[in-house]
Amino acid sequence: MISVKKLYKTFGKNQVLKGLDMDFKQSHITAVLGPNSSGKTTLMKSLLGMVIPDSGQILVDDVDIKNNCDYRNKIGYLPQIARFPENLKVIELLDMIRELRQSDASCDTLLDYFELRPFINERLGYLSGGTRQKVNIVQALMFDCPYLLLDEPTVGLDPLSLIRLKDLILKERGKKKTILITSHIMSFVEEMADEVIFILDGKIYFSGHPQKIKKEYGSYTLERAIAKVLSGMPKLGHTNGHSRKDEILVPMIKAEHD
Amino acid sequence: MIRILKYSFFDLMRSRWTLVYCAFYALLTLALFTLNADISKVIITLMNVILTLVPLIALIFGVIFYYNSREFIELLLSQPIRRSEIFIGQYLGVALSLSLSLLIGVGVPFLFYGIFMSEEIFNYLTLLLVGVILSMIFAGIGFLIALKFQNKIKGFGLAIFIWLFLAVIYDGILLLLLAIFSDYPLEKLAISVSMFNPIDLSRILILLKLDVSALMGYTGAVFQKFLGSTMGMTIAIGVLFIWVLIPLLSIRQLSLKKDF
Amino acid sequence: MYLRIIAFFYFLTSAFYLSGREIIVCPSCAFTTLQGALDDADNGDIISVQKGIYYEFGIVISKSVTIRGVDGSIIDGGDQGEIITVVANNVTIEGLTIQNVGTSYVEDRAGIRVRKSRDFKIINNHLFNTFFGIYLEHSRDGEVSGNIVVGNAKEEMSSGNAIHAWYCKNILISANTVSRHRDGIYFEFVDNSLVKENVSRQNLRYGLHFMFSNNDDYFNNRFSNNGAGVAVMFSKKINMWENTFEYNWGKSSYGLLLKEIYDAEILNNVFQENTMGIFVESSTRINYKHNDFKQNGWAIKISGGCLDNNISENNFISNTFDLSVKHNSNDNLFDGNYWSAYTGYDLDKNGIGDIPYRPVKLFNYIVDKTPESMILMRSLFVDLINFSEKVSPIFTPKNVMDNRPVMTKYRKKTL
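Residues numbered from 1 in each chain as written. Chains lettered and ligands numbered in written order. Predicted model: local features only at pLDDT ≥ 70, side-chain atom pairs only at ≥ 80, totals over all residues. Heavy atoms only, no water.

Caption draft 1: Quick peek at unusual backbone geometry. All names here are of chain C. One non-glycine residue with positive phi stands out, namely Phe 189, at about 55°. With respect to the secondary-structure elements, Phe 189 resides in strand E19 (residues 183-191). A positive phi angle is found at Glu 273, which is not glycine, with a value near 50°. In this fold, Glu 273 is placed in the loop between strand E30 (270-272) and strand E31 (276-281). (Helix = DSSP H or I, 4+ residues; strand = E, 2+ residues; numbered from the N terminus.)

Caption draft 2: The arrangement of the sheet that holds strand E2 (residues 14-24) of chain A in detail. Residue and element names in this part refer to chain A. Sheet architecture is open: four strands sit in the order E2-E1-E4-E5, paired in antiparallel fashion. Both edges of this open sheet fall to E2 and strand E5 (63-64), since each of them pairs with a single strand only. As judged from the eight bridges shared by strand E1 (residues 2-11) and E2, these two strands associate in the antiparallel manner. The residue of E2 that forms the bridge with Tyr 8 is Lys 18. Helix-sheet contacts for helix H1 (residues 40-48) involve E1, E2 and strand E4 (55-60), and the interaxial angle to E2 is about 65°. (Pairing = 2+ DSSP bridges. Contact = heavy atoms within 4.5 Å. Axes fitted to C-alpha atoms, helices over the stretch in contact; angles between N-to-C directions.)

Caption draft 3: Structural detail: the nonpolar core. A:Phe24, B:Phe87 and B:Phe110 are the most contacted members of the largest nonpolar core, which has 178 residues in total. Among the elements that line this core, the one with the most residues is helix H3 (residues 39-68) of chain B, at 18 residues. Setting aside residues no more than four positions away along its own chain, B:Phe110 makes contact with B:Thr29, B:Phe33, B:Ile39, B:Val42, B:Ile43, B:Leu46, B:Ile115 and B:Tyr124. In this structure, C:Val91, C:Ile122, C:Ile171 and C:Cys306 belong to the second largest nonpolar core, which totals 82 residues. (Core = buried A, V, L, I, M, F, W, Y, C linked by side-chain atoms within 4.5 Å. Buried < 20%, exposed > 50% of the residue type's maximum accessible area, 1.4 Å probe, protein only.)

Caption draft 4: Here's a closer look at the interface of chain A and chain B. The interface of chain A with chain B comprises 33 residues on the first partner and 26 residues on the second. Of the roughly 2800 Å² buried between chain A and chain B on both sides combined, carbon and sulfur atoms contribute 55%. Counting the surface chain A buries against chain B, the share from its top three residues, A:Met50, A:Arg83 and A:Leu100, is 25%. The interface formed by chain A and chain B contains three salt bridges. For the salt bridge of A:Lys9 with B:Asp259, the shortest nitrogen-to-oxygen distance reads 2.5 Å. At the surface where chain A touches chain B, the tally comes to twelve residue pairs in polar contact (both at pLDDT 80 or more). (Buried area = accessible area lost by both parts, 1.4 Å probe. Salt bridge = Lys/Arg side-chain N within 4 Å of Asp/Glu carboxyl O. Polar contact = N/O pair within 3.5 Å; in protein donor to acceptor, adjacent residues only side chain to side chain.)

Caption draft 5: Representation of the packing of helix H2 (residues 90-100) of chain A against helix H1 (residues 2-13) of chain B in the model. The interhelical angle for the contact between H2(A) and H1(B), taken along N-to-C directions, is 170°, at an axis separation of 10 Å. Overall, the two elements H2(A) and H1(B) adopt an arrangement that is roughly antiparallel. Here A:Glu92, A:Asp95, A:Met96, A:Glu99 and A:Leu100 of H2(A) come into contact with H1(B), specifically with B:Arg3, B:Ile4, B:Lys6 and B:Tyr7. A class-by-class count of the residues in the contact of H2(A) with H1(B) yields four nonpolar, no polar and five charged. (Parallel < 35°, antiparallel > 145°, perpendicular 65-115°, else oblique. Nonpolar A, V, L, I, M, F, W, Y, C, P; charged D, E, K, R; others polar.)

Caption draft 6: Structural view of empty space enclosed by the protein. Tallying each qualifying case throughout the model produces five cavities of 30 Å³ or more. The computed volume of the largest cavity comes to approximately 70 Å³. Taken together, B:Asn48, B:Leu51, B:Thr52, B:Ala167, B:Asp171, B:Ile199, B:Asp200, B:Arg203, C:Arg378, C:Ser379 and C:Leu380 form the lining of the largest cavity. Only H3, helix H7 (152-180) and helix H9 (198-210) of chain B provide two or more residues apiece to the lining of the largest cavity. Taken together, the residues that form the lining of the largest cavity break down as four nonpolar, three polar and four charged. (1 Å grid on protein atoms, 1.4 Å probe; cavity = no way out; pocket = protein on both sides within 12 Å on 5 of 7 lines; lining within 4 Å. Points joined across faces, edges and corners; volume = space filled by probe spheres on them.)

Caption draft 7: Summary view of the state of the cysteines. The full count for this structure, using the stated rule, is one disulfide over all chains. Each disulfide pairs two cysteine sulfurs, and for C:Cys26 the partner residue is C:Cys29, the sulfurs being separated by 1.8 Å. One disulfide, between C:Cys26 and C:Cys29, carries an S-S torsion of 100° and so falls in the right-handed class. Here A:Cys69 stays free of any disulfide, with the sulfur of A:Cys145 as its closest cysteine sulfur at 14 Å. (Disulfide = S-S within 2.5 Å.)

Caption draft 8: Examining the layout of surface pockets more closely. Size it by volume and the largest pocket reaches roughly 1600 Å³. Listing elements by their share of the lining of the largest pocket, those giving two or more residues are helix H2 (16-35) and H3 of chain B together with strand E37 (321-325), strand E39 (338-339), helix H3 (362-369) and helix H4 (380-391) of chain C. The biggest single contributor to the lining of the largest pocket is H4(C), with six residues. Among the residues forming the lining of the largest pocket, the class breakdown is 24 nonpolar, twelve polar and twelve charged.

Caption draft 9: Highlighting the side chain of A:Lys166. Residues and elements named next belong to chain A. Mapped onto the elements of the fold, Lys 166 is located in helix H5 (residues 159-174). We classify Lys 166 as buried; its relative accessible area is 14%. Among the polar contacts listed, one links the side chain of Lys 166 to the side chain of Glu 191, at a separation of 2.9 Å. Beyond its immediate chain neighbours, meaning those up to four positions away, Lys 166 contacts Phe 188, Glu 191 and Met 192.

Caption draft 10: Up close: the side chain of A:Ser183. Residue and element names in this part refer to chain A. Of note, Ser 183 is situated in the loop between strand E8 (178-182) and helix H6 (186-192). Here Ser 183 falls in the buried class, since its relative accessible area comes to 1%. Apart from residues lying up to four places away in sequence, Ser 183 is in contact with Val 32, Leu 33, Glu 152, Thr 154, Phe 188 and Val 189.

Okay, structure coming up:
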């Protein structure tokens, strides 16, 4: 289990995390959502030790991750932007990560699964964005890690690959893994997530199952529900209960700016 | 560290820019030999080029390399390895590939023109040593700058300013100081100020080889002692190695505290 | 008939001269000292000094004899005083080892002194720790060849010269090796003499020193690691050919120092790694031709009062500074030299650079004013200011230039 306890982080004058508290459960796909600069990336990076929190604790299997790097053996991480050293070949990159993890995990199945075989001797710089993202997925999932952190996993994937990815993630969940996803594709989240954690202004704004959120806000899709949350509309329970039409919400666009 | 070093070195050695850099030195050296087959003259011209260009290119390379591999570094950070290992490994990758390009670029034409038969061999080796040390130092400083400044424009700006300062302005200021206070004995000042600039230090190391006859014409006891014996050589090389360590340790220090 | 008689007598006397007695000196012979043998000798005798150490000093040779030593014939003065003084004509001293004269502050003691004599030969001797090695005074028509003279000089005041000639004429000094004295070879008022194929090194002051001497030549000598290689002062018509001047390092160290001299020829010499290759002061009508100046601090430094110095067809290779001149001494010619620092071009391919070369750089001027700035040599900043000065000269003399710098260096003809 990963537990986050009272996590605070300030960049300059900007307080990004204001006392986050959460647990990520086994066999669960948790989607961390929130507008840009809400602190979700900072949370992800804190989990990986890339950002060092001002205070608070992160425990992975009850071990504090501070000044520790071995725990990352248990985490498979899919970074958001798949940019690798341009002049390394696909196979060399995978070999390198294997070497860094001192593991002899095989990636053959995954390579076949994503039809990457023809590319393994290509240089990473010559690959298309989608292919690079597939390589990215392979490197994140090839080790049988109990925890998976997937940052925008769908970027650049064609529909077929997207379906394959979804199947893969569900299969991993079936292996009792703890999975964290961030994504801006709400349909993807809606389909995959067992729990949504919505972060706003460095705090958990709400959390729950996607269906529950949709219901509470009376929206047909998660996307609309989230939009309503962001524009500050109350939950259905607080008004007099008539289902309202989803509206086009202009202020949300503003919130999407960095 | 070796694991990281190995792959960043592979990556860089295949990079177009490394090849261009290597080819530049090879062509320059060949051109110099074609224009003038006199090895000692070629060495002197190359010395001027190396003292000026190696710091600039190493700085820029260090900066670009870091900025280009920022995302990759994030991936590395998510792996179960220590930060110091990642950054020092990456830095050494840049420094080594730059040094190797220089050695090959300058080295092969010299082999072709028979450096081992020449009495200039020691001047030549000094030149290569200085080139490698400067590559290490300035790649490190470049890397450090990029590590410190997220903003690429700031990073490049600072790198170019540092180069301009150390390669030109610094000596201008020193000369001005020496000229203004020429009534006082300034030799200690001159030597110690030079210690703080790795380009000057490298230049002095070469001077000790090429111009010892002129240097001995100066009366000052400190100069005589410093320049006349192997002591100057030893100290200059020693301080240069300290200069190699400074960016290395700073990279380590900074990387431990930094948020990515 | 008279002629026959004269020829007969001439034959007799010369035969007598050539095949005199041979007197042997050895520790177990009738003569156990050189002085003893000399006392007994007549003109034309040969004295053979056998192997052994002979503790003698103050030996005076007043007869025309030949003294021959073998390997290990050692005359040791025991630091007591001058060892051999020659006062007769036609004396030959050959193959002796002469050592330990002892330092004196009141008299110029020597290993071998030749006084007011002619036709002497001092050949293949070894002199160690002799205050003055071979001292020639008021003598002429003699030869000093193949000797090795090694001193022990620590400071100029308390040391003598290896080969010292004073008021002499027509002397040949050749193939000697002289070291660790004040001057290696010293000439004062010595005319029409020749110094060749000697090696002079590690002497405190000069490897070879001319004072008030005229019409002398020196060639094929090697001067290394001396205070200065050669100093020629107050002399006229000295020819200097094919010598090597090297490794003369220090504040006032020169390969060659010229002071108040006239009409000299400096041809085919090599000046290598000296603080200053040539330092010239108040000297007129000097020709410098076909010399190599390599890796010197300053190849040539021309001080005041120099007229008609003609510097042509020399190689200037990798010197820190090629030339330094006083402002008012522009009356010298540079023509057709090779300058390795020349950056011009030769578009018409006639072997001569199309733009003149200015051997005096701004940085020379700065270093003269502020010697500490030497530490900035070869820096980019110095290159920049040199370049701007080259474009528009302000501090450096405008008319000191070589209008016909050649593009390729001259091949060495000798050595």
